[in-house]
Amino acid sequence: MVKKAYVITAAVILIVVIAAIVTYWYYIRPSGPQTVTPIKIGGLFSLTGPVPLMGRDQLNGFLMAIDDINNGEGAWKALGHGKGVLGRPVESVVEDDECNPEVAVTKLRKLVLEHDIHMVIGLLSTGCTLAVMPKLPEYKCILFAYAHGTSLSKKYPLSGGWLFNLHVDSRTYGYGLVKAMRDKYPEVKSLAYIGPDY
């Protein structure tokens with residue numbers, strides 16, 4: 001079961017990395033003659049703080065996907081691609097957001113300003129994602145986030161269209177649970193759903 005979850009996570013991350021690279025290549029990269037330099041993608045994961053296991057799983061999938069792209073293996077190979085993206089290797093720069101909104105903003109700034117990265121994958125925490133959203137248009141940074149708080153969809157305009165959320169809204173779990181309980185246990189008249197809030 002755990003191995004299947006890793007494989008699914010890795011496959012999703014691979015697809016996201018591919019979408020991010022294509023988006024960068026066609027919409028953000030500087031025009032003019034290009035040297036064969038690596039395409040840099042940032043990873044902003046909760047490697048410490050309250051949810052380090054989930055952050056490490058995300059990081060592992062992220063690194064596996066980049067490894068597959070650079071070596072022309074796995075799903076990247078199955079899609080008919082060779083090594084790298086259009087002949088360019090993919091390089092990752094990873095930061096720990098500590099599952100802390102202030103730290104997430106600082107680390108995003110570091111990825112963009114110090115490492116010249118304009119595609120970031122990560123951010124499990126809704127609080128961290130909300131904190132960095134207003135910075136995305138300013139930094140011209142595309143963020144592929146995993147956060148699933150309901151407030152993200154309400155505050156999406158803050159991102160200026162630079163946020164792509166890879167996770168369903170947390171209400172989806174509640175709706176599914178209520179329906180399943182109602183179908184299986186019609187005698188139950190009330191139900192409380194307690195979900196994560198980080």
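Residues numbered from 1 in each chain as written. Predicted model: local features only at pLDDT ≥ 70, side-chain atom pairs only at ≥ 80, totals over all residues. Heavy atoms only, no water.

Draft legend 1. View of the overall build of the protein chain. Broken down by element type, the protein chain carries 8 helices and 5 strands. The linear arrangement of helices and strands in the protein chain, starting from the amino end, is α-β-α-α-β-α-β-α-α-β-α-β-α. Within the protein chain, the proportion of its 198 residues that are buried is 38%. For the protein chain, restricting intrachain contacts to residue pairs at least 6 apart in sequence, the fraction spanning at least 24 positions comes to 56%. (Helix = DSSP H or I, 4+ residues; strand = E, 2+ residues; numbered from the N terminus. Buried < 20%, exposed > 50% of the residue type's maximum accessible area, 1.4 Å probe, protein only. Contact = heavy atoms within 4.5 Å.)

Draft legend 2. Geometry of the side chain of D97. The residue D97 is located in the loop between β2 (90-96) and α4 (101-113) in this model. Of note is the side chain of D97, whose polar atom sits 2.7 Å from the side chain of S46. (Polar contact = N/O pair within 3.5 Å; in protein donor to acceptor, adjacent residues only side chain to side chain.)

Draft legend 3. Highlighting the pattern of salt bridges. Following the criterion strictly, the structure yields 4 salt bridges and no others. Salt-bridge contacts for K107 lead to E95; the nearest nitrogen and oxygen are separated by 3.5 Å. Linking K107 in helix α4 with E95 in strand β2, this pair joins segments that are 12 residues apart in sequence. The exposure classification of K107 matches that of E95, with both residues buried. Put simply, E95 and K110 hold a salt bridge, and the shortest N to O gap is 3.2 Å. (Salt bridge = Lys/Arg side-chain N within 4 Å of Asp/Glu carboxyl O.)

Draft legend 4. Just the sheet that holds strand β1 (residues 39-45), in detail. Here we have 5 strands laid out as an open sheet, ordered β2-β1-β3-β4-β5, and parallel in their pairing. The open sheet has two edge strands with one neighbour each: β2 and β5 (163-165). Each strand of the sheet is rotated relative to its neighbour by a mean of 20 degrees, with strand direction disregarded. Bridge count for strand β4 (residues 142-145) against β5 is 3 bridges, and the pairing is parallel. Its bridge partner being in β5, A145 is matched across the sheet by N165. (Pairing = 2+ DSSP bridges. Axes fitted to C-alpha atoms, helices over the stretch in contact; angles between N-to-C directions.)

Draft legend 5. Inspection of a nonpolar patch on the surface at higher detail. Residues L177, V178 and L191 make up a contiguous nonpolar surface patch of roughly 200 Å² in combined accessible area. Structurally, L177 can be placed in helix α8 (residues 170-184). (Patch = residues over 30% accessible without salt bridge, like charges linked within 9 Å, V, L, I, M, F, W, Y side chains within 5 Å. Areas by Shrake-Rupley, 256 points an atom, 1.4 Å probe, with all protein chains shown as cover.)

Draft legend 6. Highlighting the environment of C99. In this fold, C99 is placed in the loop between β2 and α4. Linking C99 and L124, residues 25 residues apart in sequence, is a C-alpha distance of 7.7 Å.

Draft legend 7. Up close: the nonpolar core. L108, V120, L123, V132, C141 and L143 are the most contacted members of the largest nonpolar core, which has 21 residues in total. Within the residue set of this core, elements represented by two or more residues are α4, α5 (126-132), α6 (135-139) and β4. Per element, the largest residue contribution to this core is 5 residues, and it comes from α4. Setting aside its immediate chain neighbours within four residues, C141 contacts L108, V112, H118, M119, V120, L136 and W162. Among the nonpolar cores identified, the runner-up in size contains 19 residues, and L47, L59, F62 and F144 belong to it. (Core = buried A, V, L, I, M, F, W, Y, C linked by side-chain atoms within 4.5 Å.)

Draft legend 8. Structural context of the side chain of K107. Accessibility expressed as a relative area gives 17% for K107, which makes it buried. Setting aside residues up to four positions removed in sequence, K107 forms contacts with L44, E95, D96 and E98.

Draft legend 9. Quick look at the packing of aromatic side chains. Taken as a whole, this structure holds 2 aromatic pairs when the rule is applied. Between F144 and F164, the aromatic rings sit 5.4 Å apart at their centres with planes inclined by 20 degrees, giving stacked as the arrangement. One end of the pair, F144, is in strand β4; the other, F164, is in strand β5, and 20 residues separate them in sequence. Classification of F144 by relative accessible area gives buried; the value is 6%. Residue class for F164 comes out partly exposed when judged on its relative accessible area of 39%. (Phe/Tyr/Trp six-rings, centres within 6.5 Å; stacked < 30°, edge-to-face > 60°.)

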